[in-house]
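Structural description and commentary
Here are the chains, one letter per residue:
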Amino acid sequence: MVIAENRNKKRRGRTALTHDYSMSHSPGTNMDCYASRDIDVDMDHSYEETTLNISTDDSLVEDGFNYSDVPQEIHESENECGGEEFLRKFTEPWNFGPPSYVCVHCGSILWYEERTVKSKRPKNPKFSLCCMEGKVKLPLLKKAPPLIDELLDPLGSQQSKTFRTLIRSYNAMFAMTSMGGKVDNSINDGRGPYIFKLNGQNHHRIGTLLPNDGQDPQFAQLYFYDTENEVQHRMNVFSSGQINSDLDPSIVNALVQMFDESNNLVKIFRMSRDRFIDTDVHRLRLRLIGSRTSDGREYNLPSCSEIAAIIVGDIGAENAHRDIIVELKEGGLQRINVLHPSYMALQYPLLFPYGEDGFRLGILYSNVDGIRSDTIDYVTMREYYAYRLQEREHEGHTLVYGGRLFQQFDVDAYTCIEEIRLMWVKQNQDKLRIELYKGLKDAVTRGDTTPASSGKRFVLPSSFTGSPRYMIENYQDAMAICRWAGYPDLFITFTCNTRWPEIDLFLSRKPGQKVEDRPDIVARVFKIKLDQLLNDLKHGQHFGKVIAVVYTVEYQKRGLPHAHILLFLHHDDKHPTAAEIDRIISAEIPDLNEEPLAYEAVKQYMVHGPCGSINPKAGCMIENKCTKHFPKKFCSQTTVDEDGFPIYRRRNNGRFVERNGIKLDNRYIVPHNIELLVKFQAHINVEWCNRSRSIKYLFKYITKGPDRATLILEENLHIDPSTGMQHMTDTDEVKTYLNCRYVSAIEACWRIFEFAIHNQQNNTLKFVKCMLYSPSFVLYL
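Figured I'd write up the structure that's included with this text. All values derive from a computational prediction rather than experimental measurement.

Attention now goes to the overall build of the protein. The secondary structure content of the protein amounts to 22 helices and 26 strands. Residues counted as buried form 56% of the 781 residues belonging to the protein. Here the contacts in the protein between residues at least 6 apart in sequence split such that 76% fall between residues at least 24 apart.

Next comes the structure, spelled out in structure tokens:
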């Protein structure tokens, strides 16, 4: 809704808003935000992948407006709008329905809103999310053996339900490799849906064929050692010799038989065992071959002779560097190269019950219409996994129906992609002009004479998402926008709602699935909703004419995505009256009889608490105080406090909502826009920005939180005392980056699908940056 119908008319009769000193907060209270103290942003987030999107309106760049000197006061109109009637733009929830399109190239099930070109509405849309419009062609996964289908059925027996809950434990029983990442289980305390979250760098390792004396067999050794008692050995893997009562021996025995019949990798270990027993060979080795002679687009189930070889005696020089050589008893653990075709099949036998090949180098693009226009001839790892995460009618669904194990696979796949990128950075430091970042001479020149700070180091370029230079570059972009467009006007927080009907419609294709079982669908639906919200704000001019948008996508403690959006409005919409603010931002409960949809939306998504004295054990309470400063005080009109924070109208009108048996009035309502709330049915916090502090908090907001980017910045940003310029000190940023990283399943899917992270589709932003950067903002990297 446009704030005022005719903004070009000269405003008259304004008086400054009075400061409500009685509403000021207690001394020492500090809250880092752009907008008012009413803000209800979950501060306990994981910021390891903070991303920034910046877009501008091309048509306004030539106008030459400079709004950096706008007044900081918010004015109040003489006429109140409390009784004014106006039409709502959005009066019902927006539901884009079930996925109704199938990619003509690969058969993926997609939504029309996921088409490649969204500015047009063709009858036969093209999709790049799944197969890059036909360039990626991979063999379809086979349908799983009947036993796996039965165990993975969400509507199956109680045995099936227990198996799905413990699927990661069952998979670890039969995995031939161990996973070296640090799994963060602290979040799974039983109070919410299961979430798989990984900290640090992940890797897979494989040991010897026989355990050391006095040790129990594990992982691949269970296929080779004392197989007569194999079920017992597998049952004891996680219980230190005591059988876990939740694990079913009959399921373990059935899986042993199934893998012996169907899994080619298991057959190789069994063959090695038979060779060792029958011939009594003591210098036996197993070579898992890392290269394939077949085309990766056509075959994914190679024969045993293609994937492994049994070696007796010394190993010849013909072995490729990516081969896995499993020793009989010596050699210990060895790390497996992520480029090995069996990398995933060795770790996830329940998801790949036939031992199917995964990603490998050399998979060619498919010729679309006989024309190849790309210079890159091979499928990338990201494109490979984006293809695999799709659901198709005529493909085996073992992977996407893997539940909690599917979450683990998603995170594992993304960490593989990131490891390849980091590997390229390490191997191409000279191409990145690393001499500009490090060197003993430069270290001495800037006054850093500590020997430990110099030496062979690895740095991450600004093109690597999440690196310190990436964060600083995005900050510079945002500062350039601020210098050109003035202070940001609105601060909007948009949080994913797992109960969106579109998610349920997709999951209904396989009844019984839970939302946490499909992080890929949650990521895709949130992307569609976010795109539509941005379209309403910018092109639909919901709050007025928008000249620039800055937003970040982040992830909550339980992995759900949310977006923080800054809107820069046109000059005609930059100075709203208090009455106009009340029309676009509300902190009150709607009337149930007049606006039932709005009432239910506020009740579901915009009520904070209960907390305070009525619930001192709430999660937001610290030292008997709510960290979000709720409950607020009643206020008859919108004002601004002494620090420049707007205090929204919260009248004591007797309206309330009931939560957990407690009646909550307007003091517990998070500021919002009724129309957006009704349309998107999600938590959408809308705040008018604090002008005096918005720039100050901009850098802290983009890089805040205990995440890897902040830690890297704090440790490595150095100020040259002679010039006052900032630059990065020499350090192994790759190691620091990985140690500070937390990745959840939804974030992994978001990154695998390559959703918009830094949007710069035209030269407008480049022009603004070049024209407006001053030496005080240039960071020499």
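Under the definition given, this model contains 27 salt bridges. As a salt-bridge pair, Arg649 and Asp582 come within 3.7 Å of each other at their nearest N and O atoms. Here Arg649 is found in the loop between β20 (646-647) and β21 (657-659), whereas its partner Asp582 is found in helix α15 (residues 578-584), with 67 residues between them in sequence. In terms of burial, Arg649 and Asp582 fall into one category: buried.

Another aspect to go through is the packing of helix α14 (residues 519-538) against helix α21 (residues 745-752). For the pair α14 and α21, the least separation of the axes is 8 Å and the interaxial angle reads 65°. Where α14 crosses over α21, the two elements pack in a sense that is right-handed. In contact with Pro519, Asp520, Val522, Ala523, Phe526, Lys527 and Leu530 of α14, α21 contributes Ala745, Ile746, Cys749 and Trp750. Looking at the contact of α14 with α21 residue by residue, the classes come out as nine nonpolar, no polar and two charged.

Moving on: the sheet that holds strand β12 (residues 324-326). Strand order in the open sheet formed by three strands is β11-β10-β12, with antiparallel pairing between adjacent strands. Looking at strand neighbours, the two that pair on one side only are β11 (308-312) and β12, the edges of this open sheet. Within this sheet the neighbouring strands show an average axis-to-axis angle of 25°, counted without direction. Of the pairings in the sheet, the one linking strand β10 (residues 284-288) to β11 comprises five bridges and is antiparallel in character. Bridge pairing in β11 places Arg285 opposite Ile311. Packed on one face of the sheet, helix α6 (residues 264-279) meets β10 and β11 and runs near 165° to β10.

This part takes up the packing of helix α3 (residues 167-174) against helix α5 (residues 249-262). It is at 11 Å that the axes of α3 and α5 come closest, and there the two elements cross at 50°. The angle between α3 and α5 places the two elements in the oblique class. Regarding α3 and α5, the two cross each other, and that crossing is right-handed. For the pair α3 and α5, the contacting residues are Tyr170, Met173 and Phe174 in the first and Ile251, Val252, Leu255, Val256 and Phe259 in the second. A per-class count over the contact of α3 with α5 returns eight nonpolar, no polar and no charged.

Our focus in this paragraph is the packing of aromatic side chains. Scanning the model with the defined rule gives 21 aromatic pairs in all. An angle of 50° between the planes, with centres 5.2 Å apart, marks the rings of Trp94 and Phe96 as tilted. Classification of Trp94 by relative accessible area gives partly exposed; the value is 22%. A relative accessible area of 11% means that Phe96 is categorised as buried. With centroids separated by 5.1 Å and ring planes inclined at 40°, the aromatic side chains of Tyr101 and Tyr112 adopt a geometry described as tilted. You can see Tyr101 sitting in strand β4 (residues 101-102) and its partner Tyr112 sitting in the loop between β5 (109-110) and α1 (146-151), a full eleven residues away along the chain. Note on Tyr101: relative accessible area 26%, which makes it partly exposed.

Conventions and cut-offs
- Residues numbered from 1 in each chain as written.
- Predicted model: local features only at pLDDT ≥ 70, side-chain atom pairs only at ≥ 80, totals over all residues.
- Heavy atoms only, no water.
- Helix = DSSP H or I, 4+ residues; strand = E, 2+ residues; numbered from the N terminus.
- Buried < 20%, exposed > 50% of the residue type's maximum accessible area, 1.4 Å probe, protein only.
- Contact = heavy atoms within 4.5 Å.
- Salt bridge = Lys/Arg side-chain N within 4 Å of Asp/Glu carboxyl O.
- Axes fitted to C-alpha atoms, helices over the stretch in contact; angles between N-to-C directions.
- Left-handed = near helix turned anticlockwise from the far one by under 90°.
- Nonpolar A, V, L, I, M, F, W, Y, C, P; charged D, E, K, R; others polar.
- Pairing = 2+ DSSP bridges.
- Parallel < 35°, antiparallel > 145°, perpendicular 65-115°, else oblique.
- Phe/Tyr/Trp six-rings, centres within 6.5 Å; stacked < 30°, edge-to-face > 60°.

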